[in-house]
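# An overview of the molecular structure
What follows is the residue order along each chain.
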Amino acid sequence: MQKSCRDCPYQSELYKVLTDKQMDLLNSHRIEVSYDPGEVIIKQGTTCTHVVSFFSGLAKMYIETHGNGDLLIRLVRPQEFISGSGLFLSEAHRFSLMAIEPSKACLIDASIIKQLTNKNNVFANKMLSHMQRNMSFTLDRMLSFYLKHHSGRIAETLLYLSEEIYRNN
């Protein structure tokens, strides 16, 4: 277990704009959890009580379609910060997140993240940028998959795995 978020080599880029006092607040409202492959980290339909600061392993973000198979949104790597629309809209999670490798993450109380966005404008702007980047990425991938034939989808998936996930040929 990490002693402090401040010392964690896997901390999200979002945390770099927090003051020492804000980092201490974040640190005091987090729990570190280990997940085995197949374990659900976030369940679609549940209330957004925590955000996930993912720091080890690999997970899949997906939408459960009840009978039509799951719709894979993207894969999640270490140093990713995962929240959702439920964080600010008081709604349930619109996706699930499941470990596909042994993984570790810190679950941070959502009320603390809201408090930090209210008190730190730079953090709030970084959060908005982060959420917009993720939304744009998801929409671009969905459109690209919709417009491509089967072989193009496979090629795009292989490039995504190579460049974004494993960062290796």
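Per chain, the residues get numbers from 1 upward, laid out in the order the sequence is written. Confidence filtering applies because this is a predicted model: local features only for residues at pLDDT of at least 70, side-chain atom pairs given and counted only at 80 or more, and all residues used for totals across whole chains, interfaces and linings. Side-chain measures were taken over the full set of non-hydrogen atoms in the model, leaving aside hydrogen atoms and water.

The convention used is that axes are lines fitted to C-alpha atoms, helices contributing only their stretch in contact, and that angles between N-to-C directions extend from 0 to 180 degrees. Secondary structure counts use DSSP, requiring at least four H or I residues in a row for a helix and at least two E residues in a row for a strand, with both numbered from the N terminus. Between helix α1 (residues 20-28) and helix α3 (residues 110-119), the least distance of the axes is 10 Å, while the angle of their chain directions is 165 degrees. In terms of orientation, α1 lies roughly antiparallel with respect to α3. For the element pair α1 and α3, the recorded crossing hand is right-handed. Counting all contacts with α1, which are made through Q22, L25 and L26, the residues of α3 involved are I112, I113, Q115, L116 and K119. Put simply, Ala, Val, Leu, Ile, Met, Phe, Trp, Tyr, Cys and Pro go in the nonpolar bin, Asp, Glu, Lys and Arg in the charged bin, and everything else, Gly too, in the polar bin. Here the contact of α1 with α3 is built from residues that sort into five nonpolar, two polar and one charged. Between 65 and 115 degrees an angle is taken as roughly perpendicular, under 35 as roughly parallel, over 145 as roughly antiparallel, and anywhere else as oblique. It is the rotation of the near helix from the far one that decides the hand of a crossing: anticlockwise by less than a right angle makes it left-handed, clockwise makes it right-handed. What makes two residues a contact is simply this: any of their non-hydrogen atoms within 4.5 Å.

Take the nonpolar core next. For the purposes of this section, nonpolar cores are sets of buried Ala, Val, Leu, Ile, Met, Phe, Trp, Tyr and Cys residues that join through side-chain atoms within 4.5 Å. Relative accessibility thresholds used throughout: buried, under 20% of the residue-type maximum; exposed, over 50%; partly exposed, between the two (1.4 Å probe, protein chains only). Ranked by internal contacts, the top residues of the largest apolar core, which has 17 residues, are Y15, L26, I113 and F123. Mapped by element, the contributors of at least two residues to this core are α1, α3 and α4 (121-147). A total of four residues in this core trace back to one element, the largest contributor, which is α3. Sequence-distant contacts of I113, defined by excluding residues within four places in its chain, comprise L26, V51, F81, L87, I108, F123 and M127. Within the second largest apolar cluster, 15 residues are counted, among which are Y35, I41, M61 and V76.

Listing the buried residues of α3 in full gives A110, I112, I113, L116 and T117. Projection of α3 onto a plane perpendicular to its axis shows the buried side chains occupying an angular sector of 160 degrees, all on one side. Opposite the buried face of α3, by more than 90 degrees, sit the exposed residues N118 and K119. Working definition: the arc comes from the directions between the helix axis and the C-beta atoms, pointing outward to the latter.

By convention in these notes, a salt bridge is any Lys or Arg side-chain nitrogen within 4 Å of a carboxyl oxygen on Asp or Glu. Evaluated as defined, the whole model comprises three salt bridges. In this structure, E64 engages K43 in a salt bridge whose closest nitrogen and oxygen atoms are separated by 2.8 Å. Here the residue E64 occupies a position in the loop between β4 (59-63) and β5 (71-76), and K43 occupies one in the loop between β2 (40-42) and β3 (50-56), the gap between them amounting to 21 residues. Looking at E64, the relative accessible area reads 14%, which means it is buried. What makes K43 partly exposed here is its relative accessible area of 38%. Residue R74 pairs with E80 through a salt bridge whose shortest N-O separation is 2.6 Å. In this pair, the class of R74 matches that of E80, namely buried.

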